[in-house]
Amino acid sequence: MSSTNKTQGLKLNSWIGSDKPERIDFNNDNEIIDKAVTDHTSNKIVHISESEREKWNNYMFTGMYYGDGSVSRKITTKCPFEARAGFIYASSRPVDITRFSETKKNNYFGAFSYLANSLGVKFGSDGKSFTVSQTANALTANEYVNLNEVGVAYNYVLFR
C-alpha cells in the first residue's frame with residue numbers, strides 16, 4: 001500500500017503510523033529520485049564542463065607596459081590563452097585630449113580584435129601580442145595616436 005501522504009516536491013511516500021509500506025513503494029520512490037537527479041545533472045544549461053568553467057572563469061588577462069616613444073612597437077604579452085579582443089588605455093591620461101587652439105586631438109585609447117582595430121593598434125595573429133603606434137603627424141582629421149608615449153604607463157585588457 002502506498003503512503004497516506006506524499007512529499008510536496010517529488011511526491012515521495014510519507015507514511016503515517018497506520019500505513020503499511022511495501023517494497024514497491026521504495027522502488028517507486030527510488031525511480032522518482034533517480035529521474036530527478038539524472039534530469040538535473042544532465043542539464044547542459046545548468047551544468048557545465050570543467051573546460052567550459054575554466055574558460056568562463058578566466059575570460060580576461062590584464063597587463064601593462066611603459067611607452068618608449070618609438071613610432072611602432074610590438075607588445076608581447078604573457079596571456080595564457082589566445083585572445084580574441086582587447087583594449088589599451090594610458091593609465092595617467094584621459095581617453096583623448098583635444099587642444100582646440102591647435103586643432104589637435106591626442107588619442108590615448110585603442111581597441112582591437114581579430115576582426116578590426118582602432119587607429120594606432122593592430123592585433124597580432126597569435127592572439128597574444130599587439131603592435132602600438134606613436135605618431136608625430138596626424139593620421140585622420142588632426143588625430144594623433146599616443147599609444148607609446150615616452151614614460152607613460154599603459155594598461156591593456158585581453159578577452160577570450
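Bear in mind that the values here come from a model prediction, so they are computed numbers and not experimental data. The residue numbers shown here count from 1 along each chain, following its written sequence. Confidence filtering applies because this is a predicted model: local features only for residues at pLDDT of at least 70, side-chain atom pairs given and counted only at 80 or more, and all residues used for totals across whole chains, interfaces and linings. In computing side-chain values, all of the structure's heavy atoms are included and hydrogens and water are not.

Attention now goes to the overall build of the chain. Put simply, DSSP H or I for four residues or longer makes a helix, DSSP E for two residues or longer makes a strand, and each gets a number counted from the N terminus. Counting its secondary structure elements, the chain contains 2 helices and 12 strands. Our radius of gyration looks at C-alpha atoms and nothing else; its globule reference is 2.2 Å times the residue count to the power 0.38. Taken over C-alpha atoms, the radius of gyration comes to 30 Å for the chain, far larger than the 15 Å a tight globule of 160 residues would show. Overall, the chain is about 95 × 35 × 25 Å in size when its C-alpha atoms are taken along their principal axes. The long-range share in the chain, meaning contacts at least 24 apart out of those at least 6 apart in sequence, stands at 56%. In the form shown here, the chain has an accessible surface area of approximately 10,400 Å², with 54% of it arising from carbon and sulfur atoms. For the chain, the distance from the average site of its 19 positive side-chain charges to the average site of its 17 negative ones is 7 Å. Between two residues, a contact is recorded if the distance between any of their heavy atoms is within 4.5 Å. Reported accessibility uses the Shrake-Rupley method at a 1.4 Å probe radius. Residues are deemed covered only where the shown protein chains occlude them. In this tally, Lys and Arg are treated as positive and Asp and Glu as negative; His is ignored, and so are the chain termini. Just so you know, the charge point we use is NZ for Lys, CZ for Arg, CG for Asp and CD for Glu.

In this description, strands pair whenever DSSP reports at least two bridges between them. Pairing is antiparallel across the open sheet formed by 4 strands, whose spatial order is β3-β12-β5-β8. Two strands in the sheet have a free side with no partner beyond their single neighbour: β3 (60–66) and β8 (109–113). Ignoring which end each strand starts from, the neighbouring axes of this sheet average 15 degrees apart. Relative to β8, strand β5 (residues 85–90) runs antiparallel, the two sharing 5 bridges. Opposite I88, over in β8, you have G110 as the bridge partner. The angle between two axes is taken between their N-to-C directions and runs from 0 to 180 degrees, where each axis is a line fitted to C-alpha atoms and a helix contributes only its stretch in contact.

The subject of this paragraph is the sheet that holds strand β10 (residues 129–133). Sheet strands line up and pair through hydrogen bonds in the backbone, either parallel or antiparallel. Strand order in the open sheet formed by 3 strands is β4-β10-β9, and the pairing between neighbours is antiparallel. The sheet is open, and its two edges are formed by β4 (72–76) and β9 (121–123), each paired on a single side. Averaged over all neighbouring strand pairs, the angle between strand axes comes to 20 degrees, with direction disregarded. Note: β4 against β10, 5 bridges, orientation antiparallel. What sits directly across from S72, in β10, is S133.

Below, the discussion takes up the packing of aromatic side chains. Note on ring pairs: Phe, Tyr and Trp rings are taken, using the six-membered ring of Trp, and paired if centres are within 6.5 Å. Classes follow the plane angle, with under 30 degrees stacked, over 60 edge-to-face and the rest tilted. For the coordinates displayed, the defined rule picks out 9 aromatic pairs. Plain terms: the ring middles of F87 and F159 are 6.0 Å apart, the flat faces sit at 35 degrees to each other, and that makes the pair tilted. Of the two residues, F87 sits in strand β5 while F159 sits in strand β12 (residues 153–159), which places them 72 residues apart along the sequence. Among the aromatic residues, ring-to-ring pairing joins Y65, F112, F123, F130, Y154 and Y156 into one connected group. Over a ring means this: the NZ of a Lys or the CZ of an Arg is within 6 Å of the ring centre and within 35 degrees of the ring normal. One residue, K104, lies across the ring of Y144, its end atom 4.6 Å from the ring centre.

What follows deals with unusual backbone geometry. Among all residues save glycine, negative phi is the norm, and among peptide bonds the norm is trans. Despite not being glycine, K11 shows a phi value in the positive range, around 60 degrees. Looking at the secondary structure, you find K11 in the loop between β1 (5–6) and β2 (13–14).

Our focus in this paragraph is the side chain of N106. Along the chain, the position of N106 falls in strand β7 (residues 104–107). We call a residue buried when its accessible area falls under 20% of the maximum for its residue type, exposed when it is over 50%, and partly exposed in between, using a 1.4 Å probe and counting protein chains only. N106 sits in the buried class, given a relative accessible area of 5%. Other than its neighbours up to four places away in sequence, N106 contacts V95, D96, I97, R99, Y144 and N146.

Only buried residues count toward a nonpolar core. Its members are Ala, Val, Leu, Ile, Met, Phe, Trp, Tyr and Cys residues joined through side-chain atoms within 4.5 Å. Counting residues in each nonpolar core, the largest one holds 19 residues, and the members touching the most others are Y65, I88, F130, V132, L147 and Y154. Within the residue set of this core, elements represented by two or more residues are β5, β9, β10 and β12. Apart from residues lying up to four places away in sequence, F130 is in contact with Y65, R73, K74, I75, T77, I88, F112, V121, K122, F123, G124 and Y156.

On to the environment of Y108, then. Within the secondary structure, Y108 sits in the loop between β7 and β8. In this structure Y108 comes out as buried when scored by relative accessible area, which is 5%. A C-alpha to C-alpha distance of 9.4 Å links Y108 and G120, two positions 12 residues apart in sequence.

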